[in-house]
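Residue strings, one per chain:
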Amino acid sequence: MKLYQIIYHDDESFKDELSKIAAQRDAIPDSTAFFNICSCSTDFSMLTHAASIIEDIFPGAPYIGASTYNNIVNAENVPESMTICCWLFEDARSYVHVGQLPLAETNEQGINAGSIIAKEVNSLSYVRAVQLFTTLELSSMTELCDQLGALNPSIHLVGGAAFFPVINKPDARVISSAGPCADKSIVYAALCGPRVHVTSLFISGWKPLGRELQVTKSEGNIVHEFDGKPAFEAYRHYLHAENDESFANTIRAFPLAFQQDGVSITREPIFCTPEGSLVLTSDISNARSMRIAYGDPDAILRDAREAATIIRRFKPEGILAVSCASRHVFWGDQIAQETRPFQEVAPTYGMYSASEFVRTGSSVYQNNVSLVILALREGKAADHIPYANQVGNDQIHMGSTPTLRLATFIQAVTDELEEANRKLDIMARMDTLTGLYNRGEIERRIEVAVGGLPAVGGFSPLDSGETSLIMLDVDNFKAINDTYGHKAGDTVLQHLGGTLRRFSRAYPLEGVAGRWGGEEFMVLLGNCNADAAARVAESIRLHFSSIEEPGMETQTVSLGVTQVRRGESADDVLRRVDDALYAAKAKGKNCVVVF
């Protein structure tokens with residue numbers, strides 16, 4: 001396989017370059033020429049014009065293309081240009097299948113574009129990878145990505161979204177040999193052949209900054225609220241952004257970062273509604289935690305070098321790089337620093353897009369501010385001589401700006417504050433002596449379980465017909481303190497705390513225990529009626545009475561049990577379980593009484 005790259009200057013020189021490639025193709029019987037066309041021009045007719053010239057010199061040749069922010073030739077940024085890349089597959093069995101669909105396209109069964117593409121590609125033989133260019137609409141791309149996940153597991157996918165200058169007024173184009181230059185469309189090329197080999201990866205380098213933002217209200221791809229406030233307020237607070245026409249440019253390179261299926265995802269809002277809702281290009285669920293992120297130059301370049309090292313072992317003959325326009329904004333005229341490491345490995349062509357697509361595992365992800373790489377070769381790696389081009393390290397300027405240092409400092413302080421808040425939260429809810437919940441927390445959870453309080457902190461209301469309480473008290477505790485001392489009394493309470501943790505964990509999601517006060521404790525059991533709770537109580541009693549502490553007699557507990565009844569309040573059930581415990585004491589202690 002060979003990779004040829006052209007910067008369009010005029011028709012005459014373009015035709016001359018294509019003719020030279022045609023001569024190379026003609027010298028290799030049954031070879032296949034496949035083209036990418038990328039144009040920064042807002043005159044979309046340039047895409048059609050370039051395609052017509054290709055068709056004249058390469059009749060029937062497959063091609064796909066898109067409008068772009070800027071382009072990449074030999075890993076260098078080529079601004080305000082139209083560039084063309086020819087992938088010349090030399091094996092007679094290699095081929096490229098191109099398709100084009102409107103994004104809203106459905107067939108007679110009502111299957112959408114992503115499913116149509118997956119079905120079509122899966123029907124082909126020897127498919128190794130899919131290149132994909134699409135326009136971005138103001139609706140969510142999540143369904144498209146989910147449908148593309150149906151591609152056969154071995155197929156790689158890398159692509160980009162055609163760029164449009166005005167973020168909240170999509171006006172981008174894609175083109176292919178299977179259809180006209182069009183908006184609201186998707187084009188794809190399946191790269192196929194028994195000797196075609198591919199690998200792909202993506203690079204971020206963006207670090208989450210500041211505290212977590214909890215999505216408290218969302219609808220599809222629209223985030224209405226963070227932490228109960230209009231989502232826009234996060235950008236106003238941290239970046240002094242205004243909700244006007246400058247919003248998209250102000251927050252560019254400051255995406256929202258989150259984890260999805262163990263993959264780090266970054267998403268930029270494409271615009272903000274007058275009400276302060278953020279519109280993204282993929283769905284965001286309620287309760288998801290997100291953070292505003294910022295690029296770390298050192299991390300970006302380190303990741304690029306590491307990725308290039310991985311790709312080098314693959315021994316590719318050509319590389320497609322799809323980077324984000326926001327990365328270009330972030331780097332400015334130094335943007336080529338992150339793509340030059342790949343030019344050391346193989347000729348590297350690409351584009352700066354509005355968004356990037358990559359397949360990781362079985363899932364297809366749409367990302368922002370990322371760099372995705374597709375590396376290709378024909379034949380075995382052992383058959384290829386390493387690419388000779390070397391880019392010296394002196395051309396790589398590592399980021400060490402005050403902004404980077406400030407970002408690092410802010411993140412370090414944020415981590416420390418979050419850790420301190422986490423510890424304070426634990427301290428506020430836990431009894432330090434026994435390691436159980438304290439009175440306030442176990443009482444709150446009982447209120448939630450009975451239905452008197454809304455669910456918070458990950459604890460949901462339980463079925464009141466199957467919820468029970470156990471209240472217990474260490475027998476003769478004052479005598480323990482008087483006889484053995486308060487330290488020994490603390491040891492007894494710690495033993496009981498350990499016992500309660502052990503038995504409440506028999507109900508891993510709905511069994512919790514807490515210290516009610518002094519030597520009194522409470523256990524809340526969900527999905528557990530009174531009979532079952534009584535058996536748990538008896539197990540607790542027997543286990544605790546068997547614990548031996550050197551120099552002390554074994555100790556006992558008395559336990560009261562009751563089941564929550566429909567319609568009653570938390571006070572009602574707490575009063576009844578307290579009465580059951582009192583009855584156990586009156587009965588002679590070291591026993592279980594059910595009310």
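About the cut-offs
Residues numbered from 1 in each chain as written. Predicted model: local features only at pLDDT ≥ 70, side-chain atom pairs only at ≥ 80, totals over all residues. Heavy atoms only, no water. Helix = DSSP H or I, 4+ residues; strand = E, 2+ residues; numbered from the N terminus. Buried < 20%, exposed > 50% of the residue type's maximum accessible area, 1.4 Å probe, protein only. Contact = heavy atoms within 4.5 Å. Areas by Shrake-Rupley, 256 points an atom, 1.4 Å probe, with all protein chains shown as cover. Pairing = 2+ DSSP bridges. Axes fitted to C-alpha atoms, helices over the stretch in contact; angles between N-to-C directions. Polar contact = N/O pair within 3.5 Å; in protein donor to acceptor, adjacent residues only side chain to side chain. Core = buried A, V, L, I, M, F, W, Y, C linked by side-chain atoms within 4.5 Å. Left-handed = near helix turned anticlockwise from the far one by under 90°. Nonpolar A, V, L, I, M, F, W, Y, C, P; charged D, E, K, R; others polar.

Along its length, the chain carries 15 helices and 31 strands. Taking all 595 residues of the chain together, 54% fall into the buried category. For the chain, restricting intrachain contacts to residue pairs at least 6 apart in sequence, the fraction spanning at least 24 positions comes to 78%. Of the accessible surface of the chain, which amounts to about 25600 Å², a share of 50% is contributed by carbon and sulfur atoms.

So, about the environment of Q334. Counting through the fold element by element, Q334 comes out in the loop between α8 (325-331) and α9 (340-343). Of the residues examined, Q334 reaches a relative accessible area of 36% and is grouped as partly exposed. Through-space distance from the C-alpha of Q334 to that of N77 is 8.8 Å; in sequence the pair is 257 residues apart.

Quick look at the sheet that holds strand β25 (residues 363-367) now. With respect to topology, six strands assemble into an open sheet ordered β7-β12-β8-β9-β24-β25, the strand pairing being mixed. Whereas interior strands pair on both sides, the edge strands pair on one side only; in this sheet they are β7 (95-102) and β25. For this sheet, the mean angle separating the axes of adjacent strands, direction not counted, is 20 degrees. Here strand β24 (residues 356-360) pairs with β25 via five bridges, running antiparallel. Opposite V358, over in β25, you have Y365 as the bridge partner.

Right, let's talk about the sheet that holds strand β1 (residues 2-7) for a bit. Strand order in the open sheet formed by six strands is β1-β6-β2-β3-β10-β11, and the pairing between neighbours is mixed. Every other strand in the sheet has two partners, leaving β1 and β11 (179-182) as the edge strands with one partner each. Looking at each pair of strands side by side, their axes are set apart by 15 degrees on average, direction ignored. The pairing of strand β2 (residues 32-39) with strand β6 (residues 82-89) spans eight bridges and is classified as antiparallel. Across the sheet, the residue bridging to C38 is T83, located in β6.

Here the focus is the environment of T281. Its location among the elements puts T281 in the loop between β20 (278-279) and β21 (289-295). Sequence separation between T281 and T142 is 139 residues, and the spatial gap between their C-alpha atoms is 7.7 Å. At 2.4 Å, the side chain of T281 forms a polar contact with the side chain of Q366.

Looking now at the nonpolar core. Grouped together as the largest cluster of nonpolar side chains are 60 residues, with contacts concentrated most on F34, W87 and V121. The element contributing the most residues to this core is strand β12 (residues 185-192), with seven residues. Sequence-distant contacts of F34, defined by excluding residues within four places in its chain, comprise P62, Y63, I64, C85, C86, W87, F89, V96, V98, Q131, A189 and L191. Core analysis: the next-biggest nonpolar cluster, separate from the first, contains 53 residues, F258, I265, L278 and L371 among them.

Turning next to the side chain of Q366. Following the sequence through the fold, Q366 ends up in strand β25. Within the local environment of Q366, its side chain forms a polar contact with the side chain of S282, the two groups lying 2.4 Å apart. A polar contact of 2.9 Å, which involves the side chain of Q366, links it to the side chain of S355. Apart from the residues lying within four places of it in its own chain, the contact partners of Q366 are L136, M141, C145, I265, R267, T281, S282, S355, E356 and F357.

This part covers the packing of helix α11 (residues 439-450) against helix α15 (residues 570-586). Running from N to C, α11 and α15 point in directions that differ by 115 degrees, and their axes come no closer than 9 Å. You can see that α11 and α15 cross each other, and the crossing is right-handed. Contacts from I446, E447 and V450 in α11 reach A570, V573 and L574 in α15. In the contact of α11 with α15, the residues fall into five nonpolar, no polar and one charged.

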